[in-house]
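A closer look at the structure
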Amino acid sequence: MTIVCDINTAMDFSAIDSSYGLALVDQAGKILSANPAFLNLFALPPDVQNKTFSDLTGTMNPAATDFLQQTLAGRHEKAIKQTTIIDHKTLSVHVIELDQAQLLIMVESSPSSPLPLPEINHPTHTPHNAAMVNRTMLSECIANWKPDEPGTASLAMIMIGLDRFKRINETLGHDAGDQLLKFAAQRLLRIVRSDDVVAHFSDDRFAVLQINQNQPVAATTMAERISELLKRPFLVNGQQANISASVGLAILHHNTESTGDLIKHAELALHDAKQNARGSYRLYEQSLQKNASERHELEIGLRRALFLREFTLFYQPQARMQDKKIIGFEALIRWEKPGAGIISPLRFIPLAEDMGKIHEIGQWVLQTACRDAAAWPEDIMIAVNVSPVQFESNSLKQIVQAALTASGLAPQRLELEITEGLLIKNITNALEQLREIQAMGVSVAMDDFGTGYSSLNYLSSFPFSKIKIDQSFVHRMHTDKSRTLIKAVIALGSALGIKTLAEGVETEEQFDYLARNGCEEIQGYLLSKPVPAEQIRALIS
């Protein structure tokens, strides 16, 4: 392995202002140049040039002198890493051979590292022992890397994101979260090679830099080991903590042409793994960059849409089975982006949740839907979807109350539709807010029933006014399994005194089957596609 730093022998290291120490020495151990951080870490005077560490024995801490001399003397690879404790500071030392005549010593003190790690808080003189570095040193290694030989093996970045780490902080506390990070780091350091660079990248992310290995085999093999290792239970402060790890891989010369893009591409791959394959790994592909660019453009457009109010509401009718009389409408948001046409809510709603803009959008939807519905006949309901994220601010009750007050709409004419996903995240908090809203006279329906994991448990915990049978079951009504499930949901609703509404009804055959089996309400293209507010009166009449 050869790492060529972007310096030359004539450079005066004293001019380099860095958070970690740098010293240039010759093969005999004579100091050619050192920066202020290096002098600081070892309490050295400014005039160290052309002196060896032996010459500085009377000035340096003897332990530091011994450690540096042993490090240089024991060198048998072109780059090694070691750690030690000097003057109550944990020092991570990297010795890198620049050429046949010169060595670069890089030293980092653990207080400057974003994650103090217990497993390196003791002297170790084994060149096979990997040490944790910080993000700055990681970037430096990437920027200055050169292959052993032109056209040979590659450089790989393995970006690791801990899944469900936020939940550990919330349930066990931040101290437990910090301890879990240290334990995760310990496991990583045990499985990497001595010439790998391991970094605590940020918060719940780590990174491993593989240098001049056979790729993509080495990176994918390591990613599989990391995923398997980090999903094993942790014991934190006497309590079991279970997480997993999503991993993003970027490899030079495998769709990544520049070392400068390596981290960015690994982050894109990690994001894709988090979104689509949590707990496994993804290798960077050029399509991910395209997706990221499109997402960025969509983010800009979404902010513009909020400012210019480019959203509109359409309304899809809901009717009684017995006579197909319209009894209500579901409000559905639409966004017509200039130059791009209609953007599906399936694309921009998750983005708005990630951006933290769903609160503003949700408030606008509630206000607009209530205002429009106030002009309809008094026996017509309005149903509004609520995002799980809207419950996080604990202000949904106030937002609902404000929308009702401003529009003059009776609370009994408003129905909130929530998904099972909302309850899974924080059932206690969600149910408390829903009870307060229901006490105002607003009804609450469970949307997309049967697509989650805990439907029956939720039905026993909260008095929902309606169960909405997901359209996926209706569309697959030709299968025995879907028909059986639909009959079971309708029977369950009847037994609990809860109305059932089937979504996505498009044919008379579907309508007849639902009617025969006791479904009370329907919604779908058989009645009408969603329409703008100005067409509501024509539909009702």
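Residues numbered from 1 in each chain as written. Predicted model: local features only at pLDDT ≥ 70, side-chain atom pairs only at ≥ 80, totals over all residues. Heavy atoms only, no water.

Moving on to the overall build of the protein chain. A count of helices and strands for the protein chain gives 18 helices and 24 strands. The 541 residues of the protein chain split such that 51% are buried. For the protein chain, the accessible surface area stands at approximately 24700 Å², while carbon and sulfur atoms represent 49% of it. (Helix = DSSP H or I, 4+ residues; strand = E, 2+ residues; numbered from the N terminus. Buried < 20%, exposed > 50% of the residue type's maximum accessible area, 1.4 Å probe, protein only. Areas by Shrake-Rupley, 256 points an atom, 1.4 Å probe, with all protein chains shown as cover.)

Averaged over all residues, the pLDDT of the protein chain equals 82, while 85% of them reach at least 70. In the predicted structure, residues 1-10 sits below a pLDDT of 50 and forms 30 contacts with residues beyond four places in sequence or in another chain. Here residues 111-129 is modelled with pLDDT under 50, and outside its nearest four sequence neighbours on either side it reaches 48 contacts, counting other chains as well. (pLDDT = per-residue confidence, 0-100. Contact = heavy atoms within 4.5 Å.)

Here strand E1 (residues 21-26) pairs with strand E2 (residues 31-34) via 3 bridges, running antiparallel. Note on E2: the bridge partner recorded for Val-25 is Ile-31. In sequence, E1 turns back onto E2 through a hairpin of 4 residues, with Gly-29 there showing a positive phi of about 90°. (Pairing = 2+ DSSP bridges.)

Counting buried residues in strand E16 (residues 326-337) gives 10 out of 12 residues, a clear majority hidden from the surface. For strand E15 (residues 311-320) and E16, the ladder comprises 9 bridges, and the chain directions are antiparallel. Within E16, the residue paired with Thr-312 across the bridge is Arg-334. In this structure, the hairpin formed by E15 and E16 is closed by a connection of 5 residues, where Lys-324 is found at a positive phi of approximately 60°.

This part takes up the pattern of salt bridges. Tallied over the full model, the rule gives 22 salt bridges. Two residues, Arg-205 and Glu-267, come together in a salt bridge whose shortest N-O distance is 3.4 Å. Taken together, the residues span a long stretch of sequence, with Arg-205 in strand E9 (residues 205-213) and Glu-267 in helix H7 (residues 262-276) at a distance of 62 residues. Accessibility expressed as a relative area gives 26% for Glu-267, which makes it partly exposed. Overlapping salt bridges, with partners in common, bring together Glu-330, Glu-417, Lys-468 and Glu-503 in one network. (Salt bridge = Lys/Arg side-chain N within 4 Å of Asp/Glu carboxyl O.)

With omega at 10°, the peptide bond leading from Gln-215 into Pro-216 counts as cis. Backbone geometry at Arg-164 places phi at a positive 65°, although glycine is not the residue there. Examined against the element boundaries, Arg-164 turns out to sit in the loop between strand E7 (154-163) and helix H4 (165-172). You can call Arg-164 partly exposed: its relative accessible area is 35%.

What follows concerns the packing of aromatic side chains. In the structure shown here, the tally under the stated rule is 8 aromatic pairs. Taking the centre distance of 6.2 Å and the plane angle of 45° together, the rings of Phe-311 and Trp-364 count as tilted. Taken together, the positions of Phe-311 in strand E15 and Trp-364 in helix H10 (residues 358-373) put the pair 53 residues apart, joining distant regions of the chain. With 5.2 Å between their ring centres and 55° between their planes, Phe-329 and Trp-376 make a pair best called tilted. (Phe/Tyr/Trp six-rings, centres within 6.5 Å; stacked < 30°, edge-to-face > 60°.)

Where a protein is soluble and globular, its nonpolar side chains tend to be buried together. The biggest cluster of nonpolar side chains holds 74 residues, and the ones touching the most others in it are Phe-311, Ile-382, Val-400, Leu-414 and Leu-514. The element best represented in this core is H10, accounting for 8 residues. (Core = buried A, V, L, I, M, F, W, Y, C linked by side-chain atoms within 4.5 Å.)

Moving on, we come to the environment of Tyr-513. Examined against the element boundaries, Tyr-513 turns out to sit in helix H17 (residues 508-516). For Tyr-513, a relative accessible area of 12% corresponds to the buried category. For the pair Tyr-513 and Met-477, spaced 36 residues apart in the sequence, the C-alpha separation amounts to 9.0 Å. Residues within four places of Tyr-513 in sequence aside, it is in contact with Met-477, Arg-483, Ile-486 and Lys-487.

Looking now at the packing of helix H5 (residues 174-191) against helix H6 (residues 217-230). Where H5 contacts H6, the axes come no closer than 11 Å and their chain directions differ by 145°. Relative to H6, the crossing made by H5 is right-handed. In this structure, H5 contributes Ala-184, Arg-187, Leu-188 and Ile-191 to the contact, and H6 contributes Met-222, Arg-225, Ile-226, Leu-229 and Leu-230. Grouping the constituent residues of the contact of H5 with H6 by class yields 7 nonpolar, no polar and 2 charged. (Axes fitted to C-alpha atoms, helices over the stretch in contact; angles between N-to-C directions. Left-handed = near helix turned anticlockwise from the far one by under 90°. Nonpolar A, V, L, I, M, F, W, Y, C, P; charged D, E, K, R; others polar.)

For the rest of this paragraph, the subject is helix H3 (residues 135-143). Turning to H3, its buried residues number three or more, namely Met-137, Leu-138, Cys-141 and Ile-142. Within H3, the buried residues cover an arc of 140° as seen down the axis, which keeps them to one side. By the N-cap criterion, in which a side-chain oxygen at the helix start approaches the backbone nitrogen of a residue two or three places on, H3 is capped by Asn-134, the distance to Thr-136 being 3.2 Å. (Arc of directions from axis to C-beta. Polar contact = N/O pair within 3.5 Å; in protein donor to acceptor, adjacent residues only side chain to side chain.)

Attention shifts here to the packing of H10 against helix H11 (residues 396-407). Relative to each other, H10 and H11 sit at 30°, their axes nearing to 8 Å. Judged on the interaxial angle alone, H11 and H10 are roughly parallel. As for how H10 packs across H11, the hand of that crossing is right-handed. Here H10 contributes Gln-363, Leu-366, Gln-367, Cys-370 and Arg-371 to the contact with H11, which in turn contributes Leu-396, Ile-399, Val-400, Ala-403, Leu-404 and Ser-407. In terms of residue class, the contact of H10 with H11 is built from 7 nonpolar, 3 polar and 1 charged. (Parallel < 35°, antiparallel > 145°, perpendicular 65-115°, else oblique.)

Now for the environment of Met-106. Checked against the element boundaries, Met-106 lands in strand E5 (residues 102-109). Residue classification places Met-106 among the buried residues on the basis of a relative accessible area of 3%. Considered as a pair, Met-106 and Phe-38 are 68 residues apart in the sequence and their alpha carbons are 8.2 Å apart. Residues contacting Met-106, with those up to four places away along its chain left out, are Tyr-20, Gly-21, Leu-22, Ser-92, Val-93, His-94, Ile-96 and Met-137.

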